[in-house]
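# Architecture and fold: a report
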Amino acid sequence: MADGAFGLTKELERETASVWAKVRDHVTPMEWPAQAALIHEINQLKRERDAVILAHNYMTPEIFHGVGDYVGDSLGLAKEAARSKAKVIVQAGVHFMAETSKILSPEKTVLIPDLRAGCSLAASITGADVRLIKQRYPGLPVVTYVNTTADVKAETDICCTSANAVQVVEWAAKEWGVDRVILIPDEFLARNVAAQTNVGIIAWKGRCEVHERFTADDIADMRAAYPGAEILAHPECPEDVLAASDFAGSTAAMIDHVTARKPKQVVMITECSMASNVAGDVPGVQFIGPCNLCPHMKRITLQNIRDCLVHMQYEVTVPEDVAERGRLAVQRMVELPPPAVPARYDLFKARHHVDVELI
């Protein structure tokens, strides 16, 4: 009997109350009954299928808070997938993340709710491109951002995230005994890393379609409209955006910064849903735009997560020879001692400002 709030049954209202408390500023009362019902069904299906859902920071709040068993950045999710005892992994994220989960968990079934959930950055480079780069720069280590396909990881010496890119670049230079490192495919991440290290950087002209659209003028407009707000930027943004911000760092670093400081107003220069998700965990902090939506992440919905578990679709596989070589690159990164704190890209205190060699 529907005698609870929003026309829900009392049982469903109780079950989803904690989720509603976190999403109520981002989901309308008209939407909530349908979403609450899907959340309930998905959580039941997970138990029946022995499945867990990996929800990326850029998922919408009802997915992130409602059905995500593990939440975080792409590498953190893949590591959780490897640690989980579940037989089925549902990747609430984009295709390269599902591939990374499969690489680290070859014995598990990895599903993605929509095969069209791609990534402009991952699509910017192929394994064949990396082979040509290695021919052009023999003897130099290849450091590859985790936001890449399995065939690119298979041609890589070690992977990195935005949280540890500086650490990985410096480790690779020391390990190979060189003063230059290939860091691909994100051009802006490479340029921002170059300002934090004495290691020379060779970069590729790949970009994230969410972060490349931000400009220093956006920052200036936000400062004029909200002079007391703290502005945080992701290192996939152009250098002048980072230089104009109060803080620049990985998704983990931004979350840590907001959680620790709890400023009254925050502007997150990244994908929209991240601010919405952090807001659910930091009450009292006002999150202000601008932000850009990732059209690929937004292909993942509660409805297709439900369908994914009902029909056990769509399975993501990686050829074993590709997975084996890619696993080495990811494992090298995982085995490095983590940085004491997630990387901060402070361009005001950068070691130096240097251009990168762009392939």
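The model shown is predicted, which means the values in this text are computed figures rather than measured ones. (Residues numbered from 1 in each chain as written. Predicted model: local features only at pLDDT ≥ 70, side-chain atom pairs only at ≥ 80, totals over all residues. Heavy atoms only, no water.)

## Here we look at the UniProt feature "binding site: iminosuccinate" (unreviewed entry) in the chain
- In this numbering, the UniProt entry assigns the feature "binding site: iminosuccinate" (unreviewed entry) to His-56, Ser-74, Tyr-145, Val-146, Asn-147, Ser-162, His-234, Pro-235, Glu-236 and Thr-251.
- For Tyr-145, a relative accessible area of 4% translates into the label buried.
- Filtering out sequence-adjacent residues up to four positions away, Tyr-145 remains in contact with Leu-121, Cys-160, Thr-161, Ser-162, Ile-184, Pro-185, Asp-186, Leu-189, His-234 and Glu-236.
- Here Pro-235 lies in the loop between β9 (230–233) and α11 (239–244).
- When its relative accessible area of 0% is taken as the criterion, Pro-235 is described as buried. (UniProt positions renumbered as here; feature names shortened; annotations may be inferred. Buried < 20%, exposed > 50% of the residue type's maximum accessible area, 1.4 Å probe, protein only. Contact = heavy atoms within 4.5 Å. Helix = DSSP H or I, 4+ residues; strand = E, 2+ residues; numbered from the N terminus.)

## Brief notes about the state of the cysteines
- Tallied over the entire structure, the rule returns one disulfide.
- Across the disulfide from Cys-272 sits Cys-291; the S-S distance is 1.9 Å. Disulfide Cys-272 to Cys-291: torsion about the S-S bond roughly 95°, handedness right-handed. In this pair, Cys-272 is assigned in helix α13 (residues 272–281) and Cys-291 in the loop between β12 (286–288) and α14 (302–311), connecting sequence segments 19 residues apart.
- Looking at Cys-272, the relative accessible area reads 16%, which means it is buried.
- The closest cysteine sulfur to the non-disulfide-bonded Cys-119 is located on Cys-208, 6.4 Å from its own sulfur.
- Cysteine Cys-159 shares no disulfide, and the gap to the nearest cysteine sulfur, in Cys-160, comes to 7.5 Å. (Disulfide = S-S within 2.5 Å.)

## Some details on the UniProt feature "binding site: [4Fe-4S] cluster" (unreviewed entry) in the chain
- UniProt marks Cys-119, Cys-208 and Cys-294 with the feature "binding site: [4Fe-4S] cluster" (unreviewed entry), using the numbering shown here. Spanning 176 residues, the annotated positions come together in the fold, the maximum distance between their C-alpha atoms being 9.3 Å.
- Once residues lying within four places of it in the same chain are set aside, the contact partners of Cys-208 are Ser-120, Leu-121, Asp-186 and Glu-236.
- The contacts of Cys-294, once residues within four sequence positions are left out, are Val-210 and Glu-271.

## What to know about the nonpolar core
- One finds Trp-32, Ile-63, Val-258 and Met-268 to be the most contacted residues of the largest nonpolar core, which totals 60 residues.
- When residues of this core are assigned to their parent elements, the largest contribution, six residues, is made by helix α2 (residues 32–49).
- Other than its neighbours up to four places away in sequence, Trp-32 contacts Phe-6, Leu-8, Thr-16, Val-19, Trp-20, Val-23, Val-27 and Ile-39.
- Grouped together as the second largest cluster of nonpolar side chains are 44 residues, Val-166, Met-222, Val-267 and Tyr-345 included. (Core = buried A, V, L, I, M, F, W, Y, C linked by side-chain atoms within 4.5 Å.)

## Details of the pairing of strand β8 (residues 200–203)
- The pairing of strand β7 (residues 180–184) with β8 spans four bridges and is classified as parallel. Opposite Ile-182, over in β8, you have Ile-202 as the bridge partner.
- Alignment of β8 against strand β13 (residues 357–358), held across two bridges, turns out to be parallel. By the bridge assignment, Ile-202 is partnered in β13 with Glu-357. (Pairing = 2+ DSSP bridges.)

## A short note on the environment of Leu-38
- When you line up the elements, Leu-38 lands in helix α2.
- C-alpha separation for the pair Leu-38 and Arg-306, spaced 268 residues apart in sequence, amounts to 7.1 Å.
- Discounting residues that sit within four places of it in the chain, Leu-38 has contacts with Leu-302, Gln-303 and Arg-306.

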